[in-house]
Amino acid sequence: MADRKVTASGKDKDGDITKLCKSGEAWSPRQKADAIRDIENGTHTYYVQQAGTSRVDITVVNGNRTIDTAAYAA
């Protein structure tokens, strides 16, 4: 399993996340459906982290249809 730091995301016209990204990484961009499968299967974790802050995991919410940061998923 790899921990994948996300530094950007792709969004559709409604602002919904469609892909997770980190420039220069072979896995990027990762389509939302693939990232959801990775998270649910325990294949990879995805997270965001600003300098000087704690890591915040990206989680699957809303019946496997949406991904969000753990800080907002509660």
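Note that the structure is predicted; figures quoted are calculated from it, not measured.

Focus: unusual backbone geometry
Negative phi is the rule for most residues except glycine; trans is the rule for most peptide bonds. The omega torsion of the bond from S28 to P29 falls at 0°, within 30 degrees of zero and hence cis. Tracing the backbone through its elements, the reader meets P29 in the loop between β3 (17-21) and β4 (30-31).

Things to note about the packing of aromatic side chains
The full count for this structure, using the stated rule, is one aromatic pair. Relative to Y46, the ring of W27 lies with its centre 5.7 Å away and its plane at 75°, an arrangement referred to as edge-to-face. Pair noted here: W27 is in the loop between β3 and β4 and Y46 is in strand β5 (residues 44-48), with a separation of 19 residues, a long-range link. With respect to burial, W27 and Y46 carry one shared label: buried. Just above the ring of Y47 sits the side chain of R55; from NZ or CZ to the centre is 4.2 Å.

Focus: the nonpolar core
Listed in full, the eight residues of the largest apolar core are V6, L20, W27, A35, I36, Y46, I58 and I67. In contact with V6, other than residues within four places in its own chain, are L20, C21, W27, Y46, Y47, V48 and I58.

Cut-offs and rules
- Residues numbered from 1 in each chain as written.
- Predicted model: local features only at pLDDT ≥ 70, side-chain atom pairs only at ≥ 80, totals over all residues.
- Heavy atoms only, no water.
- Helix = DSSP H or I, 4+ residues; strand = E, 2+ residues; numbered from the N terminus.
- Phe/Tyr/Trp six-rings, centres within 6.5 Å; stacked < 30°, edge-to-face > 60°.
- Buried < 20%, exposed > 50% of the residue type's maximum accessible area, 1.4 Å probe, protein only.
- Lys NZ or Arg CZ within 6 Å of the ring centre and 35° of its normal.
- Core = buried A, V, L, I, M, F, W, Y, C linked by side-chain atoms within 4.5 Å.
- Contact = heavy atoms within 4.5 Å.

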